[in-house]
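Spelled out, the chains give:
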Amino acid sequence: MSTFFFAVSDLRRAHPVLTRATLTVLFTSIALVITYFLDSVTNFNLATGAAYAVVILGLSFLTGASGQVSLGNGAFMGIGAYAVAIWSVHHATTPIVATLALATAVGAGVGLLIGLPATRLRGPYLAGMTIAFALAFEPLVSVFGTWTNGDAPIQTPLLSPPGWLASLVGQPTSSLTTTNMWLADISIVVTGIAFFFMANLFRSRTGRAMRLVRENEVAAELAGVSLPRARVVAFMVSAAYAGLGGGLFTLVQGSAQSSTFNLALSITLLSLLVIGGIGTLSGALIGGLVIAYSQNWINWLEAQTGVSSTSGLGGNLKGIIFGLALILVMLLAPLGIAGTIRFVILQQFKKHPISRPSQTADPQ
């Protein structure tokens, strides 16, 4: 076992990108196989959680790597959602890859516009500017009602699974649609690709520059890092991922509505980032799954306690649970779920280190 552990460790140091690509393909393939055995509700929640995980991952880069706080990623998510919805209505035959690429590009462009003035702001002033953007999103959607359909939702065409996928899994296309396996598979593949690129970005020269800016701005400038450029790039990457997640969310839900992407969503995304673990890949995945399956847990809790969903307590139960979870995590596990698990594992390795097997010379 120790030989295998050190072999993987050596391979990771020698070929880091190849190792990440291999792990991405492995975990993505496992997730795709699992969707074959899940029911329609579970697959739908899994697809929704994957979309949220992409958004939280972008926010994790902005906050965890560059140290900036944004309460407007719900609006960035809405930008991508409406870009996909509007484009899909008028160009239904566009490939999914191109549609999601459009959402990513539009999100990055808006992130650039918001990031430029953000280079001069810090702390609460930066948070205030992003809050203003989140609050302005719904009125802006209403203003451009000719394109956005105003406050009413935009219905997108139903995604039809390709014939080759139906042949591969041995099921008719109607079955893939009914079980939502098709939506889950799309979301898993897109999320896997997004996580792969972010894993490389975190460990790239740009990622290291971001972390240096977060830790010590003076040292970053002395090292030749442009602070304004680093902050703008962080905003663009975060907004691009939010746009991608919003576009994927629209494809899964089949519609886009402005009331979904409000300030409460932005606050929820930031809370889930803290709960999962700031600056971690697995933390973003945990946060996405938590929000996707939260309604199921709330329904179970209401059934066990007898609380009506139409009552004042039932209507605010989700916010109450998230608030309590955030407080408990900050008190008991300030590194988040993923960060705490990683810390515990590292502590165990320090207490019980694995010795590298001795390599004896072959007899001559």
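Residues numbered from 1 in each chain as written. Predicted model: local features only at pLDDT ≥ 70, side-chain atom pairs only at ≥ 80, totals over all residues. Heavy atoms only, no water.

A. Molecular detail of the packing of aromatic side chains. Within this structure, the stated rule accounts for 9 aromatic pairs. Ring geometry for F249 versus F261: centroids 6.1 Å apart, planes at 80 degrees, classification edge-to-face. Of this pair, F249 sits in helix 13 (residues 227-253) while F261 sits in the loop between strand 2 (255-256) and helix 14 (263-276), and the two are 12 residues apart along the sequence. Summarising the burial analysis for this pair, F249 and F261 share the class buried. Of the aromatic side chains, those joined through ring pairs into one cluster are Y52, Y82, F137, F249 and F261. (Phe/Tyr/Trp six-rings, centres within 6.5 Å; stacked < 30°, edge-to-face > 60°. Helix = DSSP H or I, 4+ residues; strand = E, 2+ residues; numbered from the N terminus. Buried < 20%, exposed > 50% of the residue type's maximum accessible area, 1.4 Å probe, protein only.)

B. Inspection of helix 15 (residues 281-305) at higher detail. Between the first and last C-alpha of helix 15 there are 35 Å, a value that for 25 residues agrees with the 36 Å anticipated at 1.5 Å per step. The sharpest bend along helix 15 reaches about 45 degrees and sits at Y293. Along helix 15, the positions that sit buried rather than exposed are G283, A284, G287, G288, V290, I291, A292, Y293, S294, I298 and E302. A positive phi of about 80 degrees marks G306, the residue just after helix 15. (Expected span 1.5 Å × (residues − 1). Bend = angle between axes of the 7 residues up to and from the residue.)

C. Fine view of helix 17 (residues 317-332). If you check helix 17, its first and last C-alpha atoms are 22 Å apart, about what 16 residues at 1.5 Å a residue would give, namely 22 Å. Considered for burial, the residues of helix 17 that qualify are L317, F322, L326 and V329. The buried side chains of helix 17 occupy one side of the element, clustering within an arc of 165 degrees when seen end-on. Residues of helix 17 that are exposed and point more than 90 degrees away from the buried face comprise L324, L331 and L332. (Arc of directions from axis to C-beta.)

D. Focus on the environment of G64. With respect to the element layout, G64 can be found in helix 3 (residues 40-65). The class for G64 is buried, based on a relative accessible area of 7%. In this structure, the C-alpha to C-alpha distance between G64 and R214, residues 150 residues apart in sequence, is 8.4 Å.

E. Representation of the side chain of T280 in the model. With respect to the element layout, T280 can be found in the loop between helix 14 and helix 15. Look at T280 and you get buried, because its relative accessible area is 15%. A distance of 3.1 Å separates the side chain of T280 from the backbone nitrogen of G283, its partner in a polar contact. Leaving out residues up to four positions away in the same chain, T280 has contacts with S60 and A338. (Polar contact = N/O pair within 3.5 Å; in protein donor to acceptor, adjacent residues only side chain to side chain. Contact = heavy atoms within 4.5 Å.)

F. Quick peek at the pattern of salt bridges. Applying the stated criterion across every chain, the model contains 2 salt bridges. Of the charged contacts, one joins R214 and E215 as a salt bridge, the two residues approaching to 2.8 Å between their closest N and O atoms. The class for R214 is partly exposed, based on a relative accessible area of 35%. Of the charged contacts, one joins R231 and E217 as a salt bridge, the two residues approaching to 2.6 Å between their closest N and O atoms. With a gap of 14 residues between them, R231 in helix 13 and E217 in helix 12 (residues 217-222) connect regions that are remote in the sequence. Overall, the relative accessible area of 5% leaves R231 in the buried class. (Salt bridge = Lys/Arg side-chain N within 4 Å of Asp/Glu carboxyl O.)

G. The arrangement of the side chain of T99 in detail. Here T99 lies in helix 5 (residues 96-118). Apart from the residues within four sequence positions on either side, T99 is in contact with V84, W87, S88 and T94.

H. The arrangement of the environment of Q253 in detail. Of note, Q253 is situated in helix 13. Of the residues examined, Q253 reaches a relative accessible area of 33% and is grouped as partly exposed. Along the backbone, Q253 and T156 are 97 residues apart, and their C-alpha atoms lie at a distance of 8.8 Å. Apart from residues no more than four positions distant in its own chain, Q253 is found in contact with F44 and T48. Separated by 3.4 Å, the side chains of Q253 and T48 make a polar contact.

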